[in-house]
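Chain and residue survey
The residues making up each chain are set out below.
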Amino acid sequence: MRPLSVSIDTQSLKNNLNIVKKLSPNSKIMAVLKANAYGHGLIECARNLYPIDGIAVLNLSEAIDLREHGFEHKILLLEGFFDQSEIGIASRMGIDSVAHCHEQIEMINQAKPKKPLNLHLKFNTGMNRLGFPVHDSANLINSLIQNPLINEITLMTHFANADEASGISDQLNQFHHIQNELNLERSLANSAAIIKYPESHYDWVRPGIMLYGASPFSGTNASEFKLQPVMSLTSEIIAIQEINAGESVGYGSSFIAKKKTRVGVVACGYADGYPRQANSKSPILVNHKQTHLLGRVSMDMLYVDITDIFDAKIGSSVELWGKNISVDEVAECSGTVGYELLCAISASKRVPMRYVDGKK
Ligand SMILES: *Cc1c(COP(=O)(O)O)cnc(C)c1O
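In what follows, the accompanying structure is described. (Residues numbered from 1 in each chain as written. Predicted model: local features only at pLDDT ≥ 70, side-chain atom pairs only at ≥ 80, totals over all residues. Heavy atoms only, no water.)

1. Section: the site of the ligand
Not every one of the 14 residues close to the ligand is listed here, only the nearest: Lys34, Tyr38, Ser191, Ile209 and Tyr339. Taking Tyr38, its side chain carries an N or O atom lying 2.6 Å from an oxygen atom of the ligand. For the ligand, whose accessible area on its own is 390 Å², the fraction buried by protein is 93%. Residues of the shell around the ligand, tallied by class, amount to 7 nonpolar, 4 polar and 3 charged. (Near = heavy atom within 4 Å. Polar contact = N/O pair within 3.5 Å; in protein donor to acceptor, adjacent residues only side chain to side chain. Areas by Shrake-Rupley, 256 points an atom, 1.4 Å probe, with all protein chains shown as cover. Nonpolar A, V, L, I, M, F, W, Y, C, P; charged D, E, K, R; others polar.)

2. Side note on the pattern of salt bridges
The final tally for this structure, using the stated rule, is 10 salt bridges. One salt bridge connects Asp96 with Lys74, and the closest N-O pair in it is separated by 2.8 Å. Within this pair, whereas Asp96 is found in strand S5 (residues 96-99), its partner Lys74 is found in strand S4 (residues 74-77), the two being separated by 22 residues in sequence. We note that Asp96, like Lys74, is buried. Lys289 is paired through a salt bridge with Asp311; the nearest N and O atoms lie 3.2 Å apart. Of this pair, Lys289 sits in strand S16 (residues 289-294) while Asp311 sits in the loop between strand S17 (302-305) and strand S18 (317-321), placing them 22 residues apart in sequence. One network of salt bridges, in which partners are shared, links Arg2, Asp272, Asp300 and Arg350. (Salt bridge = Lys/Arg side-chain N within 4 Å of Asp/Glu carboxyl O. Helix = DSSP H or I, 4+ residues; strand = E, 2+ residues; numbered from the N terminus. Buried < 20%, exposed > 50% of the residue type's maximum accessible area, 1.4 Å probe, protein only.)

3. Structural notes on helix H1 (residues 10-23)
The end-to-end C-alpha distance of H1 is 20 Å, a good match for the 20 Å that 14 residues give at a rise of 1.5 Å each. Buried residues belonging to H1 abut strand S1 (5-9), strand S2 (28-32), helix H3 (42-48), strand S10 (204-205) and strand S19 (353-356). The N-cap of H1, judged by a side-chain oxygen 2.9 Å from the amide nitrogen of Gln11 a few residues on, is Asp9. (Expected span 1.5 Å × (residues − 1). Contact = heavy atoms within 4.5 Å.)

4. A short note on the side chain of Ser137
Mapping Ser137 onto the fold places it in helix H7 (residues 137-145). Apart from residues lying up to four places away in sequence, Ser137 is in contact with Phe123, His177, Ile178 and Gln179.

Dropping the structure here:
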């Protein structure tokens, strides 16, 4: 069998949840498990994250999957209903939804669900992606309070720059213009805001990336926040080439050896989710020693410099990211963020995944 695999450390997932709790002791936790729990497996992650108060996903099918596996948490659909036919099912299964536009409210009015729905009313405070305008909040909230098809209302917004220097103050300021005489619950903070802006925590926090032990801030390592990487992507060396100065490696001959170089060929490529854009600084661990990528990543293979790793041979262990090689650093070397790399592995559906309890 091809030696490439992913292991998911459930103990680290629990550690990271505890970090969220320490940072945000007075808020309820809505764990964001969209995109198959950022590539870590929806059901297994839901099983290992407790106690939490809610789970946020994207699609109704994911919410149904959770209910069918016996999860009785509050479940939230992050972008709301895409289709009127989803509303009756959500109401029957007790699944909550975001509403971000009038069309979605109209869909609910048309569908007339038998059990009233809990809505997270999403306001656009500056991200300009989803959400109602703030200036309209009084009318909107008053009409929903009187709507018998609607039960609980939670006020929600999403930050564009919680991970950037510009921060959240403008958006927070906008959010405070929303009418809230009824003291409705509020949900604002993503991982970056959980770490950096306690003033945004309020009733609910929505951690995503930090649960998986990657950093929401580019250029910052998750270990600075005591977060532990949950996913390890490991493989082996499947071939070795010795090349002389002037000889090259791989497609496009983008690496040309300046001296005699030993090249390890690793079973992992961009079709598995390793970024093709990765530059040659991209760190890789071989036999527990750190080295780096060489040349251009192929579909199923990549190359690593093992000139100075004398004991490296066919079958030697390789860590592409995990406990030793931070996914944040690999992402930096590919001009992207850990989020994208973590999601890509499970999206490829080529890499077998297993769950381990790191404590054992
Ligand atoms: C994905 C998402 C989150 C989680 O964001 P992280 O940066 O991964 O913590 C929170 N809220 C909403 C609305 C999201 O879509």
